[in-house]
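# Residue-level structural notes
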Amino acid sequence: MATTIVNAKVFDGTTSRDWTSVRFADGVITGCSAAPIAQDGDEVIDAGGGTVLPGLIDAHVHLVPGALAQSLTFGVTTVLDMFSKPDLVARAKEEAGARPDVADVRSSGVGATAPGGHPSMMYAPIPTVTAAGQAERFVADRIAEGSDYLKIISGVGGLWPALDPGTITALVTAAHDRGLVVVAHVSSTAGVEEVVSAGVDVVAHVPAAGELDQALVERMAAAGIAVGPTLATIENTLGEPGGAAVAADPRLAEALGEAWIRRLTSGAPGWSGRRMPPYSRAEDTVRRLAAAGVTLLAGTDAPNPGTVFGASLHRELELLVRCGISPAQALAAATTEPARVFGLPDRGRIAVGHRADLVLVSGDPLTDITATRAIQRIWRGGTACDRRAFVASAAEAEQLDAFDAQVAKVVAAVRERRSNA
């Protein structure tokens, strides 16, 4: 049966259109119009003046069980995983292919890091890279495991062993030769310089310990390098109560459940007591990147402490707007831009022939970005999502156990490393 949404505002992924109706059937958008387009037999949904958005894309997560179901609960119809082991990726892709009630997923699989390097404390044992000559084999092995793009880990503040610049460049070359997008994790201004010089396509995170040189910012813009700031994680890491802000919004809290609200308001143990740079520097960096014309991608880095799948992407949108970009640009960072950068031409836009990944919200996010949180309905591939299904389910219980175990490993590893340093 076809569905037609009527009496709506429509943001197509780039701009607000004069359409008032969107029709879809068999998982695909079949019509967008300012005139009535509902046909006999259609399910008609009255938007009541609300806004239809493309399904959101979280451009930076790390998979745990339940991640896909929880993401969809908040209108995230696709997640881009940025480091997970092959068995978990295979399970997630199988789940996404078989079930319309979870988000779709793409993944880097295991990223390239040095022996003992970040984030091996969470994922060991994993394959690592020690020299440039191993790059082609490493990339070929990731493709064989089903990776959709390559993740590279630049040096992490001197706390862990790191890949040398020659090896990073060799990995980028090998990945590009095989048609893969390359994403690089950075945590320092030197790391940004290193991966930009190597020719990566996407920089993950923005460093807060120092200020990016303006010439480097302009090089990134000229090269078309995208940046996923992950402010929703950085703010918590640097002592800001971002998780509490998510939990305090009733529009998000209603679909979170008590267990996640407790975790979001408990802070980030392991980082307290250490002098940290000001979070404001991260926002200043994003502001400068945007002003230079660098493409921004909205991603959360969930499930780092203080973040949660799906809900924290709405926080990321708010933080991006706080950096001075328009709500339309922030929405594009969670729809059209990640779809373009990661080669997903069937989603990220509302257009005839695209997937019917849609979110209907009350109000107008183009005037108030937090209106994305007032979700009325979600469709993934044309199938309506039950937003109440995840909380207190077996999937949530499995997810919470996995999350708590991973956080404990990270905190223990960071404390041990800093103690040794």
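A short tour of the structure in this document, coming up. Predicted, not measured: the structure shown is a model, and the values here were computed from it.

### Describing helix α13 (residues 311-322)
Along its 12 residues, α13 runs 17 Å from first to last C-alpha, staying within 8% of the 16 Å computed at 1.5 Å per residue. Judged by how many residues are buried, α13 sits mostly within the fold: 9 of 12 residues are covered. Every buried residue belonging to α13 is among Ala311, Ser312, Leu313, His314, Arg315, Glu316, Leu317, Leu319 and Leu320, and all of these are buried. Positive phi shows up at glycine 324, right after α13, with a value of about 110°.

### Focus on the sheet that holds strand β8 (residues 56-61)
With respect to topology, 3 strands assemble into an open sheet ordered β8-β9-β10, the strand pairing being parallel. Strand pairing shows two members of the sheet lacking a second neighbour, β8 and β10 (104-107), which therefore form its edges. Going from strand to strand, the sheet's axes swing by 20° on average, the running direction of each strand aside.

### Regarding the packing of aromatic side chains
Scanning all chains against the criterion turns up 4 aromatic pairs. Between phenylalanine 24 and tryptophan 379, the ring centres sit 5.5 Å apart and the planes meet at 65°, which makes this aromatic pair edge-to-face. Here the residue phenylalanine 24 occupies a position in strand β4 (residues 21-25), and tryptophan 379 occupies one in strand β16 (residues 375-380), the gap between them amounting to 355 residues. A residue is classified by how much of its surface remains accessible, and tryptophan 379, at 3% relative accessible area, is buried. With 4.9 Å between their ring centres and 65° between their planes, tyrosine 149 and phenylalanine 342 make a pair best called edge-to-face. Taken together, the positions of tyrosine 149 in the loop between α4 (135-144) and β11 (150-153) and phenylalanine 342 in the loop between α15 (336-341) and β15 (358-361) put the pair 193 residues apart, joining distant regions of the chain. Taking the relative accessible area as the measure of exposure, tyrosine 149 reaches 2% and is therefore buried.

### So, the pattern of salt bridges
In this structure the tally under the stated criterion is 24 salt bridges. Of the charged contacts, one joins arginine 99 and glutamate 95 as a salt bridge, the two residues approaching to 3.0 Å between their closest N and O atoms. Looking at glutamate 95, the relative accessible area reads 24%, which means it is partly exposed. With its nearest N and O atoms 2.8 Å apart, the salt bridge here joins aspartate 249 to arginine 373. A residue pair is termed long-range when its members are at least 10 positions apart, and aspartate 249 in the loop between α9 (242-248) and α10 (250-253) and arginine 373 in the loop between β15 and β16 qualify at 124 residues. Residue classification places arginine 373 among the buried residues on the basis of a relative accessible area of 5%. Salt bridges sharing partners connect three or more residues here, namely Glu235, Asp249, Arg251, Arg315, Glu318 and Arg373.

### Things to note about the side chain of threonine 300
The residue threonine 300 is located in the loop between α12 (279-292) and α13 in this model. You can call threonine 300 buried: its relative accessible area is 0%. Residue contacts for threonine 300: discarding those within four places in its chain leaves Asp58, His60, Val61, Thr230, Ala232, Thr233, Thr307, Ser312 and Leu313.

Basis of the calculations
Residues numbered from 1 in each chain as written. Predicted model: local features only at pLDDT ≥ 70, side-chain atom pairs only at ≥ 80, totals over all residues. Heavy atoms only, no water. Helix = DSSP H or I, 4+ residues; strand = E, 2+ residues; numbered from the N terminus. Expected span 1.5 Å × (residues − 1). Buried < 20%, exposed > 50% of the residue type's maximum accessible area, 1.4 Å probe, protein only. Pairing = 2+ DSSP bridges. Axes fitted to C-alpha atoms, helices over the stretch in contact; angles between N-to-C directions. Phe/Tyr/Trp six-rings, centres within 6.5 Å; stacked < 30°, edge-to-face > 60°. Salt bridge = Lys/Arg side-chain N within 4 Å of Asp/Glu carboxyl O. Contact = heavy atoms within 4.5 Å.

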